[in-house]
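# Summary of the model geometry
Each chain, written out:
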Amino acid sequence: MLWFAVAIPFVAALLLPWAAARWGGALGWAAAAAPLAAGLALVAALPPYDPDAERWLPDVRAVVPWVPDVGIHFALRLDGLSATFALLIVLVGTLVAVYAGAYLGDDPRRGRFLAYLAGFTGAMLGLVLSDDLFTLFVFWELTSVTSFLLIGFDHRKSEARAAALQALLVTGAGGLALLAGFVLLQTAAASAGVPPEYAGRVSTLIGLGPVPAPDLRAQALYIPALLLVLIGAFTKSAHFPFHFWLPGAMAAPTPVSALLHSATMVKAGVFLLARLAPALGGTDLWHFVVTGGGALTMLTGAVLAVGQHDLKRILAYTTVSVLGILTMLLGPGTDAAFKALTTFLVAHALYKAALFLVAGNIDHATGTRDVTRLGGLMRLLPLSAAAGLLAALSQAGAPPLFGFLGKELLYVAKTDLESELLVGVAVAANILLTAMALQAGVRPFVGQRHETPHPPHEAPPAMWLGPLVLGVLGLLIGLLPKWFDATLGSAMATAVAGRPLVLKLALWHGLNPEALAILGLSAVTLLAGYGVYRWLRPRVRTVGGVARRLSRVGPEALYSRLLDGGLRAAPRLTERVFAHRPRHDLLLFFTALVALLGLAFLQGLTWGGALFEPAPALHELGLAGLALAGACLTAAAPSHLVAIAALGLTGTSVALLFALYSAPDLALTLFLTETLTVVLFVFVFRRLPEHRARRSRLERGRDALVAGLGGATLAGVLLAAAGVTPQPTELWRYFAEKSLPEALGRNVVNVILVDFRALDTLGEITVLVIAGLGVLGLVHVRPPAANGAGLASKPATAARGPLPSIILTTAARPILLLLTMFSIFMLLRGHNAPGGGFIGGLLVAAGFVLYMLAAGPAAARHVIRTSLGRFAGLGLAVALGSGLVAWLLGRPILTGLWLPVPLPGLGKVGTVLLFDVGVYLVVLGAVLAVLLTLAEQWSEEHD
Amino acid sequence: MSVLLVLPIVLPLATAILGLVLPRTTRVQQSVAATGAVAHALAAAALLAAVARHGVQAVQAGGWPAPFGITLVADLTSALLVLLTGVLGVAVTVYALADVDAARHRRAFLPVLQVLIMGVSGTFLTGDLFNLYVWFEVLLLASFVLLTLGGERAQLRAGFHYVALNLAGSTVFLIAAGLVYGSAQSLNFADLATRLPALHAERPQLVLALAFLLLVAFGLKAAVFPLGSWVPQAYPAPPAAVAAIFAGILTKVGVYALLRVFTLCFPPLPALQALLLWLAGLTMVLGVIGAVAQTDLRRVLAFHSISQIGYMLLATALVAGASPTARPVAVVAVLVFMVHHGLVKSNLFLVSGAVGTLRGTTRLQPLGGLAGGAPLLAGLFFVAALSLAGLPPLSGFWAKLTVVQASFGARQWVLAAAALGTGLLTLLSMVKIWNEAFWKAPPIEPAAPAPPLRAARCGPIIGLVVLTAALGLWPAPLLDLARRAADQLLARQAYIDAVGLARPFAAAPPTVAEAAP
């Protein structure tokens, strides 16, 4: 049943936009069915009330595991507290839905509006029914989100958007604090010995669970957890210093204000504190912060209300004040305070929702909510006026209305505490509240009629029904308090106090001195309130100016300043942190590298083992020196051409070092790559702008320093690592021993490439293909014609075409043929001797490049005849296919498989050879595709 | 089993090859790409199911025993992330069919996208440090091509920035891999799991230096502050589909590499952990401040990616920490956050693409009125944005909750507060987008009502929104999986056993137990 109650409004929220198109005028009534049904489900779930029983204390629970891993369960619980709240929510929710259907008239978006309202109702029901901290939090945030959508409903107005944002940010910040608080509470409960399943269960925390309650107050985390929870509650319930979002939220359509901002959502904070009071209350910290925060809020709200002339803003500030009173009553933990809380809370929900709806009717009827422009509407809006008067008198605490009972109990609770200060503050605030009740609920209906934007008229029935029901309900409970105090009242007071309490309400307490004193206080409040109202009547505007000046130094101003200042400062900071220049970022990157490696050196990194042993030979030193010189020269080169040459020097020296240290394959590959790179660079650089150093001397020095330190630290780490390795390593031995017998190859380097680590090679040739595609994509970009910045500056070295030499032209074709044959030879022998697919592919590519330079790209393209992209794709397919052969036979992918007999002329043949053919094709295809395209573009531009 | 393990790599490669040889702009090409993406996702799902049922899976590519060949390994962490890649691959491929122009298709957009998926899957599945480098190269080149394809000025600028930085990162990674091989004599993760702690006992500073080198290389990929400024360049420039796959998965690769290497291979390094913690905090906070500062929808989203990486790094740093109770929660947090953020951020970029299609711009100032003009898109954005901001009951809430729980568990109060504060600023900037693009009246009312979006555009967005909502409402399976993945990741033994190191030579290196500090 409980599930049902929570789910119904959500289902309605999904259906309503769809129903809007079909149901037209009856939509409001249809929307009201959802909270009504939820309410009926709740009533059905409650145990039947037995007037003869000593006590009626409902406690219905439903638990479904949600995220049991984290100790989160979908747990609901219906007890006195949650039942009172839930029934208030469905009552006001139903009436407001009916009201909203009429209020929005033919607005095409009313389906969406009613859906938001329904979603909010569901979230609110879920919130009050939750018995799990995190379930509660989920609904808590959902109310914030739906509230955001509702406040910003008139979203083309910038005030509505700003108010929605403000409400969301303030309650969102509180939500985050609450989340942190809940996590801490759960942690504290777990460390107090509660099993994880129950550590987040509210009923367990307040001592009503299957396991004994933990003493949270004794935990180290109690103080931070409590403070965080309080921040959550205070933001939601618009407590000082977060109170300002609530008056701002009055930008919402009136039904929203009635439901969210008076009766339900803003009470969520109070609800939360009431819910957790048995677990967290009773300490000095609780008493001090809760009572103090409540009292401060009560005064702030009451004082700020005085200066308002907008009906809804008056009501909003008085709501703030009442929320403060409610919180204040949670502080002391006395029986009288809990009883007063119970009564005052329900009374307020009824009268405040009614007053909001009446304010909506007045606005609807007259086109204004300005009290100074309203008056004498009694005759024109009789039903609304009746509702308004009933509600206002209830707020004013006039007998025999419900509000009177609430105020009496409030005074009892305060005098109980024997604190003159608290009594004084409470009386003062209540005097102001009384005055404001008259201001908002009575003044528009009495006195002189004023000129209003519309000629006033009574609202349609759907719009006076709600406030009238609420107003009459306030009267009925005042007259027949037994309806409330024996049922929900006592049950709720018991739930909040955590001990059995019996609530007994009466208009007349007999002739004892205490009761008379309280009655006297009530009378004084009423009279003084009327006095303030009379005094204020002609002076609202003047007082309003003072109030506005006051709020300019208040927390709202701080919020705006923080938001605006933050929004202004953020771009400046971001500009600094994320500079968006590659040079800057590279510098940062290498600085970070140097700093980190420097840190390692500071920790005492040194080289282990014997360095430089055996001492390097002279030619080794010479090559190393050449490589280093090449690198330095590259950095300092005055032009591109010099830089290329210098880079070539480094490459060649390193290649020679490879050759020296018996790595002919690496040396060959590197030589070929260097050769082709030069050709590539020649084609590329003619499109680049003239090399010009735009850096200052200081910048160059800084860059050189970072570069030098980077090289030095890296070299240092290299030396440190080099000292560690024993020779030969395990891998080295394995490769050396297994290469011939098991991988059938004498050339270990090639066997590593095509067999031991063929997966790496497969990845790398894919990289090659993609790189080729990328270059083609970029080459085909037409340089932007406008102002020639970036890539498109004028060609620097006004390169002229390669001079067609007759010897070269004649020789190119046979050389190509020879190189092709040689490359195939290299490919085939690669497994046993220096060579292989990479080298073969590079060789034949070099042959084609030579031919292309001699005969022109068109002729070269003619020789190849097929698309090079396909060529590379084919190579990739061959390589992958060779790897999949083993896979199809149930062996791991890329396992080398060999034909049992050697083929004539080829020797042993296996899949790894095929793989190498794939490599060959990819290298050939990708390299040629890039170079040919560059050359073609070049000749295109020069023809 | 070995079939499933290599499929996430082989399928995209085969699809890409097919795409390369087929004509580029035909329907056949498109169906091949879509089929390939779906097949990849299905294979990934099957792999995850297999790993969940049978434990860690490993294959020795080439049939050579570990650590001599290359081992591919799938534990729950890897398999989950491959599945995420698969799901995003499908969404982005489908979106790209509608969104990417013919010129880009002619330049092999779809095959390159497949290669990116292959590279990412390879990264998650490899059990070898050098092979990881190779996959990094594959995805670097593929992403560079996707980024620059089309050759718009912003793309070229971003592409240069991206490739310049990443090549520097690759170089450092390569040097680091070489040094690890040189000093620990292995590249196999499982092998390094014993060898690096042993080396650490002997030469702690050397191991720290190696860790720092890898931190720089992976940190650049993950966009850790201060190495993350390529993100706000690279994400807004290319078409929305590219931005979506970048935002969904590209930075996660760096986080994954950090997580894998520093939980499996390296011993706990307090200096590294402390550094990572504070870098995570800075990344988180500075990223979100950057987001608040932006005035373009896609740039807001790009900066958020940096910020959210901060959350993942924070959790990763907590994993690398010593607190035994906080570590499993932290792994759960990393994984849940990665899955959540992948789905949601990709989706928001797709939404930004749809907004661009409808209105021709993603700058917030000239936008407006989309709540009324495109209510479906508005609803989808709203849900995704709230999920990003970590509001319940969406996937982002669980991601945020687990990160906060992990931080509290490790007693990192300041960072927990920073994470929560970042959440608030995330909400602020999401609402800013919502207010500007969707709620406010447009400065100039569009002449005609926006045409309805094509199904290929809406479909992926709806699908991803449904996923984030489903994971939010029903998070138990994901959290449960993440919890098991955490146990697996932290115990390490299952991984090492699955790899099954061969010891053909007598002098075997010490076992885990001996090497443990």
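Since the model is a prediction, treat every value here as computed from it, not as a measurement.

With that settled, consider the overall build of chain B. Within chain B, the regular secondary structure consists of 22 helices and 2 strands. What you see for chain B is a C-alpha radius of gyration of 22 Å, in line with the 24 Å of a compact globule of 517 residues. Viewed in the frame of its principal axes, chain B has a C-alpha envelope of about 80 × 55 × 40 Å. Counting every position in chain B, which comprises 517 residues, the buried fraction comes to 71%. Summarising the internal contacts of chain B: among those between residues at least 6 apart in sequence, 81% fall at separations of at least 24. Of note, chain B has its 29 positive side-chain charges centred 7 Å away from the centre of its 15 negative side-chain charges.

The interface of chain A with chain B comprises 112 residues on the first partner and 127 residues on the second. With both chains or domains summed, chain A and chain B bury close to 10,400 Å², and 77% of this area falls on carbon and sulfur atoms. It is Phe578(A), Phe589(A) and Glu730(A) that lose the most area in chain A upon contact with chain B, and together they represent 7% of the buried surface on that side. Summed over the shared surface of chain A and chain B, the number is 3 salt bridges. One salt bridge connects Arg503(B) with Glu730(A), and the closest N-O pair in it is separated by 3.7 Å. For the pair chain A and chain B, the interface holds 13 residue pairs in polar contact (both at pLDDT 80 or more).

Turning next to a nonpolar patch on the surface. On the surface, Ile824(A), Leu828(A), Leu899(A), Leu903(A) and Leu906(A) cluster together to form a nonpolar patch covering roughly 390 Å² of accessible area. Among the secondary structure elements, Leu903(A) is positioned in the loop between helix H34 (868-888) and helix H35 (911-942).

Our focus in this paragraph is the layout of surface pockets. Unfilled space is identified by rolling a water-sized probe across the atoms. Empty space within the second largest pocket amounts to approximately 1,400 Å³. Ala13(A), Leu14(A), Leu142(A), Phe382(B) and Val383(B) are, among the 42 residues lining the second largest pocket, the residues nearest its centre. For the lining of the second largest pocket, the secondary-structure elements that each account for two or more residues are helix H1 (2-23), strand S2 (72-79), helix H4 (110-129) and helix H5 (133-151) of chain A together with helix H16 (375-388), helix H18 (413-439) and helix H19 (455-473) of chain B. Looking at the lining of the second largest pocket, the element that brings in the most residues is H16(B), giving 8 residues. A class-by-class count of the residues in the lining of the second largest pocket yields 35 nonpolar, 5 polar and 2 charged.

Let us now look at the domain arrangement of chain A. Residue and element names in this part refer to chain A. According to the domain assignment, chain A consists of domain 1 (1-280), domain 2 (285-538) and domain 3 (748-943). A straight line from the C-alpha centre of domain 1 to that of domain 2 covers 23 Å. Counting residues at the interface gives 55 residues for domain 1 and 53 residues for domain 2. For the pairing of domain 1 and domain 2, the buried interface totals around 4,500 Å² over both sides, and the portion due to carbon and sulfur atoms is 81%. At the boundary of domain 1 and domain 2, one finds 0 salt bridges. Along the contact surface separating domain 1 from domain 2 lie 9 residue pairs in polar contact (both at pLDDT 80 or more). Of all the elements in the fold, those that place two or more residues in the side of domain 1 that touches domain 2 are helix H3 (80-103), helix H8 (222-236), helix H9 (245-248), helix H10 (254-263) and helix H11 (268-280). Element by element, the count of residues in the side of domain 1 that touches domain 2 is highest for H3, at 15 residues.

Another point: the side chain of Ser82(A). All names here are of chain A. By the element assignment, serine 82 lies in helix H3. A polar atom in the side chain of serine 82 sits 3.0 Å from the backbone oxygen of arginine 77. A distance of 2.8 Å separates the side chain of serine 82 from the backbone nitrogen of aspartate 79, its partner in a polar contact.

Here we take up the pairing of strand S1 (residues 59-67) of chain A. The two faces of the sheet receive side chains in turn, since in a regular strand these alternate between them. Residues and elements named next belong to chain A. Relative to S2, S1 runs antiparallel, the two being bridged by 8 bridges. Note on S2: the bridge partner recorded for valine 64 is phenylalanine 74. Between the end of S1 and the start of S2, which pair antiparallel, lie 4 residues, with glycine 71 showing a positive phi angle near 75 degrees.

Attention now moves to the nonpolar core. Note on soluble globular proteins: their nonpolar side chains tend to be buried together. Judged by nonpolar contacts, the single largest core of 522 residues is most densely connected at Phe182(A), Leu330(A), Phe218(B), Trp230(B), Tyr235(B), Phe266(B) and Phe438(B). If near-sequence neighbours (up to four positions away) are discounted, Phe438(B) is found in contact with Val355(B), Gly369(B), Leu370(B), Ala371(B), Leu377(B), Ala378(B), Phe381(B) and Ile433(B).

All names here are of chain B. Summarising the element assignment, alanine 320 is placed in the loop between helix H13 (297-319) and helix H14 (326-359). Overall, the relative accessible area of 14% leaves alanine 320 in the buried class. Along the backbone, alanine 320 and phenylalanine 262 are 58 residues apart, and their C-alpha atoms lie at a distance of 6.5 Å.

Let us now look at the confidence of the model for chain B. Detailed reading of the predicted coordinates is not advisable wherever pLDDT falls low. When the pLDDT values of chain B are averaged, the result is 90; 97% of them are 70 or greater. With a pTM of 0.93, the predicted complex shows an ipTM of 0.93.

Attention shifts here to the side chain of Thr15(B). Note that Thr15(B) resides in helix H1 (residues 2-21). Once you skip the residues sitting within four places of it in the chain, Thr15(B) turns out to touch Val32(B), Ala33(B), Gly36(B) and Gln114(B).

What follows concerns the packing of helix H3 (residues 76-99) of chain B against H14(B). Residue and element names in this part refer to chain B. Orientation of H3 relative to H14, taken along the N-to-C sense of each, is 5 degrees, at an axis distance of 10 Å. The orientation of H3 relative to H14 falls into the category roughly parallel. Each of Thr77, Leu80, Leu81, Leu84, Val87, Leu88, Tyr95 and Asp99 in H3 lies in contact with H14, whose residues at this interface are Leu335, Met338, Val339, Gly342, Leu343, Ser346, Leu350, Gly353, Ala354 and Thr357. Of the residues contributing to the contact of H3 with H14, the split by class is 12 nonpolar, 5 polar and 1 charged.

Residues and elements named next belong to chain A. Tracing the backbone through its elements, the reader meets alanine 636 in helix H24 (residues 618-636). Overall, the relative accessible area of 52% leaves alanine 636 in the exposed class. Sequence separation between alanine 636 and alanine 646 is 10 residues, and the spatial gap between their C-alpha atoms is 9.7 Å.

Another point: unusual backbone geometry. The amide bond that connects Ala66(B) to the next residue, Pro67(B), takes the cis arrangement and shows omega of 5 degrees. Look at the link from Phe225(B) to Pro226(B): it is a cis peptide, with omega at 0 degrees. Checked against the element boundaries, Pro226(B) lands in the loop between helix H9 (204-222) and helix H10 (231-234). A positive phi angle, close to 45 degrees, is found at Ser662(A), a residue other than glycine. Relative to the elements of secondary structure, Ser662(A) occurs in the loop between helix H25 (640-660) and helix H26 (664-685). One non-glycine residue with positive phi stands out, namely Leu894(A), at about 70 degrees.

Conventions and cut-offs
- Residues numbered from 1 in each chain as written.
- Chains lettered and ligands numbered in written order.
- Predicted model: local features only at pLDDT ≥ 70, side-chain atom pairs only at ≥ 80, totals over all residues.
- Heavy atoms only, no water.
- Helix = DSSP H or I, 4+ residues; strand = E, 2+ residues; numbered from the N terminus.
- Rg over C-alpha atoms; globule rule 2.2 N^0.38 Å.
- Buried < 20%, exposed > 50% of the residue type's maximum accessible area, 1.4 Å probe, protein only.
- Contact = heavy atoms within 4.5 Å.
- Lys, Arg positive; Asp, Glu negative; His and termini not counted.
- Charge placed at Lys NZ, Arg CZ, Asp CG, Glu CD.
- Buried area = accessible area lost by both parts, 1.4 Å probe.
- Salt bridge = Lys/Arg side-chain N within 4 Å of Asp/Glu carboxyl O.
- Polar contact = N/O pair within 3.5 Å; in protein donor to acceptor, adjacent residues only side chain to side chain.
- Patch = residues over 30% accessible without salt bridge, like charges linked within 9 Å, V, L, I, M, F, W, Y side chains within 5 Å.
- Areas by Shrake-Rupley, 256 points an atom, 1.4 Å probe, with all protein chains shown as cover.
- 1 Å grid on protein atoms, 1.4 Å probe; cavity = no way out; pocket = protein on both sides within 12 Å on 5 of 7 lines; lining within 4 Å.
- Points joined across faces, edges and corners; volume = space filled by probe spheres on them.
- Nonpolar A, V, L, I, M, F, W, Y, C, P; charged D, E, K, R; others polar.
- Domains from an automatic or database assignment.
- Pairing = 2+ DSSP bridges.
- Core = buried A, V, L, I, M, F, W, Y, C linked by side-chain atoms within 4.5 Å.
- pLDDT = per-residue confidence, 0-100.
- Axes fitted to C-alpha atoms, helices over the stretch in contact; angles between N-to-C directions.
- Parallel < 35°, antiparallel > 145°, perpendicular 65-115°, else oblique.

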